[in-house]
Amino acid sequence: LSCLIGFEVTASSRHYVDRLFDLDPQKVLQGVIDMKNAVIGNNKQKANLIVLGAVPRLLYLLQQETSSTELRTECAVVLGSLAMGTENNVKSLLDCHIIPALLQGLLSPDLKFIEACLRCLRTIFISPVTPEDLLYTDATVISHLMALLSRSRYTQEYICQIFSHCCKGPDHQTILFNHGAVQNIAHLLVSTSYKVRMQALKCFSVLAFENPQVSMTLVNVSVDGELLPQIFVKMLQRDKPIEMQLTSAKCLTSMCRAGAIRTDDSCIVLKTLPCLVRMCSKERLLEERVEGAETLAYLIETDVELQRIASITDHLIVMLADYFKYPSSVSAITDIKRLDHDLKHAHELRQAAFKLYASLGANDEDIRKKIIETENMMDRIVNGLSESSIKVRLAAVRCLHSLSRSVQQLRTSFQDHAVWKPLMKVLQNAPNEILVVASSTLCNLLLEFSPSKEPILESGAIELLCSLTQSENLALRVNGIWALMNMAFQAEQKIKSDILRGLSTEQLFQLLSDSDVNVLMKTLGLLRNLLSTRPHIDHIMSTHGKQIMQAVTLILEGEHNIEVKEQTLCILANIADGTTAKELIMTNDDILQKIKYYMSHSNAKLQLAAMFCISNLIWNEEEGSQERQDKLRDMGIVDILHKLSQSSDPNLCDK
């Protein structure tokens, strides 16, 4: 039976396609109209017609100058209907080069035909399988679409929808901006049609996202004597549809993050922020709660005051705990659709909650405490670190990183939940974007007051961090060396030796000649931490002295900033504090001349650091101090000391 039914559908479908080839134009038109009625809501029929080759014929008729406008319009309608089916349908249409044909159709003088082409283009461009760049291949297309915006409310709705779906990233934003998108779309925000207002608003939300140029322009644009931010604020009001409230909140958020609106402006503090918190409540649909939380996380991410305000608005911290309760425990039989819906959104909800918690806890100790005290919070983060969804894992690591800035929490909750274990697991083979945040978190867990430091060391962290310092990715190199620097602080000699062995002299030189000043400073910080406490200084200099002195010379001779030179002189001062290590300085005239040079430098910080070196070398109570003093006197260093004792700088004078 199923074979017969399949045959019947195909036979009737073939009949529709055959009629497109009739010699009588009137019969062709009627055939297209009948086809239009047959495919509405019938995916099976759409698929059959595509397989039977209807698309190339419809496109041919659509492009024929001899076809009547009515026929061309009906062809565009049918093609639009086929595009509304599955993603495979859209792929088939794209393979037949439908986009150039429809764009060509926009040059027609007939408005009904233009609208049908735009409607079909809109349907194709909102499909995830359509590459956005197809809109930008011909430079004249965008300016022609801008010109068509004035033709009708349908052209306005469809064109804005096409723009908002095809604007992905700064390059697209710039093209649209340079073609006058802001001026051409602004007046549509006060259109009498809700759909036009909504699509225009969505356009601005994608144009302004992370784009200071667009955001700064939007602030000063006015429509009917009212500035755009005021129009957006009106669209935030509770009596407006949720979609409109959310999208206008996104516009204001982007403008605020770009610096076009101040963070303490009432339209942010009293309107945008409360609106986004409202979107996180249980009354909202799951997808609205996701978008609300993610937008709010972005709004408050870098502003301490907004983080504080959000944390005490509508019990937000407790409200977010609800995001982890999906899929809800409804009986699967009574509500299978609900379960499916919850499952689909569960990952997104958890990701959004982690992101918002990360933003809330970025700076304030009290807020972090409240977050951690929320039911099962640490367990949720730990579970999040091993989720299958990469987005959830990344958001969980971000949340953990934010909370790891708290000394108090590192000593308590982080220890109670052995957070370091899943974190070390995440670091084993994660993509770079997760590695960067996870290694930043590890830096905090390796601070000297953190109880996690010991177990992390035992789990092979040195090897892992040394490998990060060789990464192509700058942030990973910085974090790798930073974590090693924290690890070496007040560490025992074995750990210091393990770090030096793990890094290798070659890699150390590589890091000291890194083009990024951050890497260089952290490497110098590591050296300074390694060369602390006398027995350690003497031990390390006995095994690596030659290479370290070489590195120090290199840096003091190079074109480096004051901070780098100061840190290097501090390393020398540490070496000078060693019992046997100081001989490496005393027997190196080149280094002594450099110290002498920096004692007379115009920068007081460098003078002070050089003085520390001398002070450690001539300390009276140590063996050989007299010989060292004599040598430095012969070099003229004592004369410089006399001069500095008359200095107007109290620090130098005292030293």
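Under an unreviewed UniProt entry, the name given to the protein is Armadillo repeat-containing protein 8, and the source organism is Otus sunia.

**Considering the overall build of the protein**
Of the regular secondary structure elements, the protein holds 41 helices and two strands. The C-alpha atoms of the protein give 34 Å as radius of gyration, which overshoots the globular expectation for 655 residues (26 Å, by more than 25%). In terms of overall dimensions, the protein has a C-alpha envelope of 115 × 55 × 50 Å along the principal axes. Taking as baseline every contact in the protein between residues at least 6 positions apart, the subset at least 24 positions apart corresponds to 67%.

**Side note on the packing of aromatic side chains**
Using the criterion set out here, one finds five aromatic pairs in the structure. On the basis of an interplanar angle of 65° and a centroid distance of 6.3 Å, the ring pair of Phe-204 and Phe-232 is categorised as edge-to-face. Highlighted residues: Phe-204 in helix α13 (residues 194-208) and Phe-232 in helix α15 (residues 228-235), separated in sequence by 28 residues. Judged by relative accessible area, which is 0%, Phe-232 ranks as buried. Arranged with centres 4.9 Å apart and planes meeting at 70°, the rings of Tyr-597 and Tyr-598 form a pair that is edge-to-face. By relative accessible area, which is 51% here, Tyr-597 ends up exposed. Sitting over the face of the ring of Tyr-154, Arg-153 holds its NZ or CZ atom 4.7 Å from the ring centroid. The side chain of Lys-522 reaches across the aromatic face of Trp-482, ending 4.4 Å from its centre.

**With respect to unusual backbone geometry**
The phi dihedral of Asn-376 falls on the positive side, at around 55°, and the residue is not glycine. Structurally, Asn-376 can be placed in the loop between α22 (365-373) and α23 (377-384). The class of Asn-376 is partly exposed, set by a relative accessible area of 47%. Phi is positive for Ser-504, which is not a glycine, with a value near 70°.

**Thoughts on the nonpolar core**
In terms of nonpolar packing, the biggest core is built from 230 residues, with Phe-204, Leu-360 and Leu-572 touching the most fellow members. Those residues in contact with Leu-360, other than ones at most four positions away along the chain, are Ile-300, Gln-307, Ala-310, Ser-311, Leu-316, Ile-317, Leu-320, Ile-367 and Ile-371.

**Describing helix α28 (residues 432-445)**
Look at α28: 20 Å from first C-alpha to last across 14 residues, which is about the 20 Å you get at 1.5 Å a residue. With 11 of its 14 residues buried, α28 lies for the most part within the structure. Those residues of α28 not exposed but buried are Ile-434, Leu-435, Val-437, Ala-438, Ser-439, Ser-440, Thr-441, Leu-442, Cys-443, Asn-444 and Leu-445.

**Notes on the side chain of Glu-157**
Mapped onto the fold, Glu-157 is located in helix α10 (residues 153-166). Buried charge Glu-157 goes without a salt bridge, the closest partner of opposite sign being Arg-122 at 4.1 Å. Contacts of Glu-157, omitting those with residues within four sequence positions, involve Arg-122, Lys-195, Val-196 and Gln-199.

**What to know about the packing of helix α37 (residues 589-599) against helix α38 (residues 604-617)**
Their axes nearest at 7 Å, the elements α37 and α38 cross at an angle of 135°. When the axis of α37 is compared with that of α38, the two are oblique. α38 is crossed by α37, and the crossing has left-handed handedness. In this structure, α37 contributes Leu-592, Ile-595, Tyr-598 and Met-599 to the contact, and α38 contributes Leu-606, Gln-607, Ala-610, Met-611, Cys-613, Ile-614 and Leu-617. A class-by-class count of the residues in the contact of α37 with α38 yields 10 nonpolar, one polar and no charged.

**Here we look at the packing of helix α16 (residues 242-257) against helix α17 (residues 266-278)**
For the pair α16 and α17, the least separation of the axes is 10 Å and the interaxial angle reads 135°. The angle between the axes of α16 and α17 places the two elements in the oblique class. Judged by the sense of rotation from one axis to the other, the crossing of α16 with α17 is left-handed. Mapping the contact onto sequence places Gln-245, Leu-246, Ala-249, Leu-252, Thr-253 and Cys-256 in α16 and Cys-267, Ile-268, Thr-272, Cys-275, Leu-276 and Arg-278 in α17. Tallied by class, the residues present in the contact of α16 with α17 amount to eight nonpolar, three polar and one charged.

**Observations concerning the pattern of salt bridges**
Between side chains of opposite charge, a pair can form as their charged atoms come close. Considering all chains together, one arrives at 28 salt bridges under this definition. Between Glu-74 and Lys-36 there is a salt bridge, and its shortest N-O distance comes to 3.0 Å. You can see Glu-74 sitting in helix α5 (residues 69-83) and its partner Lys-36 sitting in helix α2 (residues 25-39), a full 38 residues away along the chain.

**Things to note about the environment of Arg-284**
When you line up the elements, Arg-284 lands in the loop between α17 and α18 (286-300). Arg-284 gets classed as partly exposed once you look at its relative accessible area, which sits at 24%. Between the C-alpha atom of Arg-284 and that of Ile-242, which follows or precedes it by 42 residues, the distance is 8.8 Å. At 3.0 Å, the side chain of Arg-284 forms a polar contact with the side chain of Glu-288.

Calculation criteria
Residues numbered from 1 in each chain as written. Predicted model: local features only at pLDDT ≥ 70, side-chain atom pairs only at ≥ 80, totals over all residues. Heavy atoms only, no water. Helix = DSSP H or I, 4+ residues; strand = E, 2+ residues; numbered from the N terminus. Rg over C-alpha atoms; globule rule 2.2 N^0.38 Å. Contact = heavy atoms within 4.5 Å. Phe/Tyr/Trp six-rings, centres within 6.5 Å; stacked < 30°, edge-to-face > 60°. Buried < 20%, exposed > 50% of the residue type's maximum accessible area, 1.4 Å probe, protein only. Lys NZ or Arg CZ within 6 Å of the ring centre and 35° of its normal. Core = buried A, V, L, I, M, F, W, Y, C linked by side-chain atoms within 4.5 Å. Expected span 1.5 Å × (residues − 1). Lys, Arg positive; Asp, Glu negative; His and termini not counted. Salt bridge = Lys/Arg side-chain N within 4 Å of Asp/Glu carboxyl O. Axes fitted to C-alpha atoms, helices over the stretch in contact; angles between N-to-C directions. Parallel < 35°, antiparallel > 145°, perpendicular 65-115°, else oblique. Left-handed = near helix turned anticlockwise from the far one by under 90°. Nonpolar A, V, L, I, M, F, W, Y, C, P; charged D, E, K, R; others polar. Polar contact = N/O pair within 3.5 Å; in protein donor to acceptor, adjacent residues only side chain to side chain.

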